[in-house]
Amino acid sequence: MLDIQKVRADFPILNQKVNGRPLVYFDNAATSQKPQVVIDAISKYYSEINSNIHRGVHALSQLATDAYEASRQKIQKHLNARYAHEVLFTAGTTHGINLVANGFTKFVKEGDEVMVSAIEHHSNIVPWQMLCERTGAKLVVIPMNDNGELVMEEFNKLLTDKTRIVAVNHISNALGTINPIKYIIDKAHTVGAAVLIDGAQAAPHLRPDMQALDCDFYTFSGHKACGPTGSGVLYGKEEWLNKLPPYQGGGEMIKDVSFEKTTYADLPHKFEAGTPNIAGGIVLGIAIDYLDSVGFDNIIAYEQELLDYGTEQLLKIEGLRIIGTAEHKTSVISFMIEGLHPYDVGAILDKMGIAVRTGNHCTQPIMQYFGIPGTIRASFAFYNTKEEIDALVAGLNKAKMMLA
Ligand SMILES: *Cc1c(COP(=O)(O)O)cnc(C)c1O
């Protein structure tokens, strides 16, 4: 069981007033808050071992290198990846997707198809469109239904031997839908297509298992999973990472350089050009440790409680409509209130210390599907409480009165 008061005490930012009211932080799908162990680890890195990695013979460089590589191994274990060199450090999800989409220029030609879904973040649409523009391949989109679920019958029809890669999110940031990625991965493999999973919204809520999923790529951002901004992971299967060309050229990613010919370093360094976000990589491992110590079984059970309670309470508000009613969801509730603009509601909530996100959530195609300008999104983390949901409901009722 999750001891909520103990958990909340780990997050110093939660214990403050915003606009004179206790902060209610419901913008977790945009970025998570950080526990004290993560904040301390950043300070400790810069106070004690700051140094460039992989090249120094001196003591600090060795300590920093060891900590960086130990973090990679920790993340390998967390993800149940086969090898540590299948775990690449990145600047975040966007970086990971661009790395793969760029590399796929080598494997995609005119007439081929690249598949995404109707409920992707712009980060998992635009890099693939750019790939299609470079190569003449066609972008194919798995449609959604009114609940915000992907239509698997249509996916089955769209998948052909022209499909080179399927890129879908594990969990939708705008709707909370948990996609049937195991089905998608297995089915895509039957036609020889690779699969990239955008795990940005999954990493804070569950523990994905790379070998069980058998996906070819999986990417997430540190900052949404209690880690530092500018940190992230791209998992890639060894055979794919060996085939994929480097993304950026520079120091660290080479074996030998001459003006005639350069040879590339082995994995994972081939994809880690330049001085990386050393502190970010190390501290991301601390964040993962923290999440594992709270325990994903506890997190999943508690967040489901928050989702159920929040859904029930919000639906009591007259004129409120939830956008995204998939059977399998995480603790994200996107909604509209009849006659009110999401932005106005968000601004009033902010005056009451309640942080929600309003707008299209980097998913304009979803908003186009529903014919709406945007939603109000309350996204819960394991450190939120039912009392905070009550405060949101009270805030929304007040907003309705003020804006009526
Ligand atoms: C946040 C998010 C991204 C982009 O992550 P960055 O950290 O901004 O790179 C991509 N996909 C989904 C589903 C997201 O929620």
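Residues numbered from 1 in each chain as written. Predicted model: local features only at pLDDT ≥ 70, side-chain atom pairs only at ≥ 80, totals over all residues. Heavy atoms only, no water.

Q: Help me understand the pairing of strand 17 (residues 375-379), please; the structure alone is not making it clear to me.
A: Each regular strand displays side chains that alternate between the two surfaces of the sheet. Burial analysis of strand 17 places five of its five residues in the buried class, the great majority of the element. Pairing analysis gives four bridges linking strand 14 (residues 332-337) to strand 17, with the strands arranged antiparallel. Paired with F335 across the strands is I376, a residue of strand 17. (Buried < 20%, exposed > 50% of the residue type's maximum accessible area, 1.4 Å probe, protein only. Helix = DSSP H or I, 4+ residues; strand = E, 2+ residues; numbered from the N terminus. Pairing = 2+ DSSP bridges.)

Q: I'm lost on the site of the ligand in this one. Help?
A: In the region of the ligand, the neighbouring residues are T93, T94, H121, S123, N173, D198, A200, Q201, S221, H223 and K224. The separation between an oxygen atom of the ligand and a polar side-chain atom of T94 is 2.5 Å. The separation between an oxygen atom of the ligand and a polar side-chain atom of K224 is 2.8 Å. Within the complex, the protein chains bury 86% of what would otherwise be the 380 Å² of accessible surface of the ligand. (Near = heavy atom within 4 Å. Polar contact = N/O pair within 3.5 Å; in protein donor to acceptor, adjacent residues only side chain to side chain. Areas by Shrake-Rupley, 256 points an atom, 1.4 Å probe, with all protein chains shown as cover.)

Q: Sorry if this is basic, but what is going on with the domain arrangement of the protein chain here?
A: By convention, interface size is frequently given as the accessible area that disappears when the constituent parts associate. Each domain of the protein chain was delimited in the assignment, giving domain 1 (4-30 + 296-399) and domain 2 (39-293). With centres defined by C-alpha atoms, the gap from domain 1 to domain 2 works out at 28 Å. With 34 residues of domain 1 at the contact, the number on the domain 2 side is 33 residues. Across the domain 1-domain 2 interface, the total number found is zero salt bridges. Joining domain 1 to domain 2, the criterion identifies 15 residue pairs in polar contact (both at pLDDT 80 or more). (Domains from an automatic or database assignment. Contact = heavy atoms within 4.5 Å. Salt bridge = Lys/Arg side-chain N within 4 Å of Asp/Glu carboxyl O.)

Q: How do you make sense of the environment of I366 when you look at a structure like this?
A: Locating I366 in the fold gives a position in helix 13 (residues 364-370). Classification of I366 by relative accessible area gives buried; the value is 0%. Each C-alpha atom, one on I366 and one on I119, is 6.0 Å from the other, the two residues being 247 residues apart in sequence. Beyond its immediate chain neighbours, meaning those up to four positions away, I366 contacts A118, I119, M144, S172, A174 and L175.

Q: Whenever I open this one, the layout of surface pockets confuses me. Can you help?
A: Space left empty within the atom packing is revealed by a probe, the size of a water molecule, rolled over the atoms. Quantified by volume, the largest pocket comes out at close to 230 Å³. Lining the largest pocket we find 19 residues, and of these F89, T90, H95, A273 and P276 sit closest to its centre. Mapped onto the lining of the largest pocket, the elements with two or more residues apiece are strand 4 (87-90) and helix 10 (278-294). Class assignment for the residues of the lining of the largest pocket results in seven nonpolar, eleven polar and one charged. (1 Å grid on protein atoms, 1.4 Å probe; cavity = no way out; pocket = protein on both sides within 12 Å on 5 of 7 lines; lining within 4 Å. Points joined across faces, edges and corners; volume = space filled by probe spheres on them. Nonpolar A, V, L, I, M, F, W, Y, C, P; charged D, E, K, R; others polar.)

Q: Looking at this structure, I do not really get the pattern of salt bridges. What am I missing?
A: Opposite charge on two side chains permits pairing when their charged atoms draw close. With the rule as written, the count across this model stands at 15 salt bridges. Linking R377 and D27 is a salt bridge whose minimum nitrogen-to-oxygen distance equals 3.5 Å. Of the two residues, R377 is situated in strand 17 and D27 in the loop between strand 3 (24-25) and helix 2 (36-49); the sequence distance between them amounts to 350 residues. Since its relative accessible area comes to 13%, D27 is described here as buried. With its nearest N and O atoms 3.2 Å apart, the salt bridge here joins K157 to E154. Remark: E154 and K157 occur in helix 6 (residues 152-158); sequence separation between them is three residues, near one turn of the helix.

Q: How should I be thinking about unusual backbone geometry in this particular structure?
A: Most peptide bonds take the trans form, and the phi angle of most residues other than glycine is negative. Each neighbour pair has its own omega, and for L267 with P268 the value is 0 degrees, a cis peptide bond. If you trace the backbone, P268 turns up in the loop between strand 12 (262-264) and helix 10. Not every positive phi belongs to a glycine, and N19 is a case in point at roughly 50 degrees. With a phi close to 50 degrees, N80 is a non-glycine residue in the positive phi region.

Q: Got a minute to help me understand the pairing of strand 5 (residues 113-117) in this structure?
A: Judged by how many residues are buried, strand 5 sits mostly within the fold: five of five residues are covered. Here strand 5 shows no split at all, with E113, M115 and S117 on one side and V114 and V116 on the other all buried. Relative to strand 6 (residues 138-142), strand 5 runs parallel, the two sharing five bridges. Residue pairing for strand 6: V116 is matched across the bridge by V141. Viewed along the sheet, the connection from strand 5 through helix 5 (residues 126-135) into strand 6 turns out right-handed. Both strand 5 and strand 7 (residues 163-169) contribute to a ladder of three bridges, which runs parallel. Pairing of M115 across the sheet is with V166, part of strand 7. (Right-handed = clockwise from strand over helix to strand, strands pointing away.)

Q: Hey, could you run me through the sheet that holds strand 10 (residues 232-236) in this one?
A: By definition, the strands of a sheet pair up through backbone hydrogen bonds, in either a parallel or an antiparallel sense. As summarised here, the arrangement of the seven strands in space is 4-10-9-8-7-5-6, forming an open sheet in which the pairing is mixed. Every interior strand has two partners, whereas the edge strands, strand 4 and strand 6, have only one. Neighbour to neighbour, the strand axes of the sheet diverge by 20 degrees on average, direction disregarded. Along the sheet face, helix 7 (residues 181-190) touches strand 7 and strand 8 (194-198) and points at about 160 degrees away from the line of strand 8. (Axes fitted to C-alpha atoms, helices over the stretch in contact; angles between N-to-C directions.)

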